[in-house]
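Reading the structure
The residues making up each chain are set out below.
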Amino acid sequence: MAVVVGYVPTKEGRAALRRAAEECLLRRTRLVVINSNRGGKDLDADEATRFDEELRGVQAQLDDVGVEHEVRQLVRGNEPAEDLIAAAEEVEADFIVIGLRRRTPVGKLILGSNAQRILLDAPCPVLAVKAPTEG
């Protein structure tokens with residue numbers, strides 16, 4: 001069994017990663033980190049290099065805290081929800097961790113399409129994490 005986390009280099013992504021790592025340490029299970037990019041014209045070489053560097057930092061951070069992990073950078077043209085759900089099915093995940101950004105009152109009517117799809121279609125429970133408020 002494993003925990004799957006959707007990771008993007010944002011405060012929400014970092015909050016999800018932290019919480020997923022904590023859960024893995026408590027449960028003594030491995031962490032599968034998924035960074036999903038659509039690729040194509042939306043991902044240039046500089047951005048790909050930045051993502052590689054960021055993910056190397058994630059691996060070092062997880063090594064430092066002693067979390068068994070696997071980091072996957074997926075550039076297959078899929079929506080992130082598809083990649084997270086597929087990874088969760090493949091590893092028979094205990095649950096998926098995703099980061100959610102804070103929204104305005106009107107924005108709360110519409111949950112992000114990837115988050116909504118993961119919550120509705122995941123083969124396991126989903127833990128939604130908000131980044132700490134700044135201030």
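Cut-offs applied
Residues numbered from 1 in each chain as written. Predicted model: local features only at pLDDT ≥ 70, side-chain atom pairs only at ≥ 80, totals over all residues. Heavy atoms only, no water. Helix = DSSP H or I, 4+ residues; strand = E, 2+ residues; numbered from the N terminus. Contact = heavy atoms within 4.5 Å. Pairing = 2+ DSSP bridges. Axes fitted to C-alpha atoms, helices over the stretch in contact; angles between N-to-C directions.

1. So, the side chain of Asn 35
- On the secondary structure map, Asn 35 appears in strand E2 (residues 30–37).
- Apart from residues lying up to four places away in sequence, Asn 35 is in contact with Tyr 7, Val 8, Pro 9, Phe 51, Leu 55, Arg 72, Gln 73 and Leu 74.

2. Thoughts on the sheet that holds E2
- Ordered by their spatial adjacency, 5 strands build an open sheet running E3-E2-E1-E4-E5, and the pairing between neighbours is parallel. At either margin of the open sheet sits one strand with a lone partner, and together these are strand E3 (69–75) and strand E5 (126–130). Within the sheet, the average angular offset between the axes of one strand and its neighbour, ignoring direction, is 20°.
- Summarising the sheet, E2 and E3 pair through 7 bridges and their orientation is parallel.

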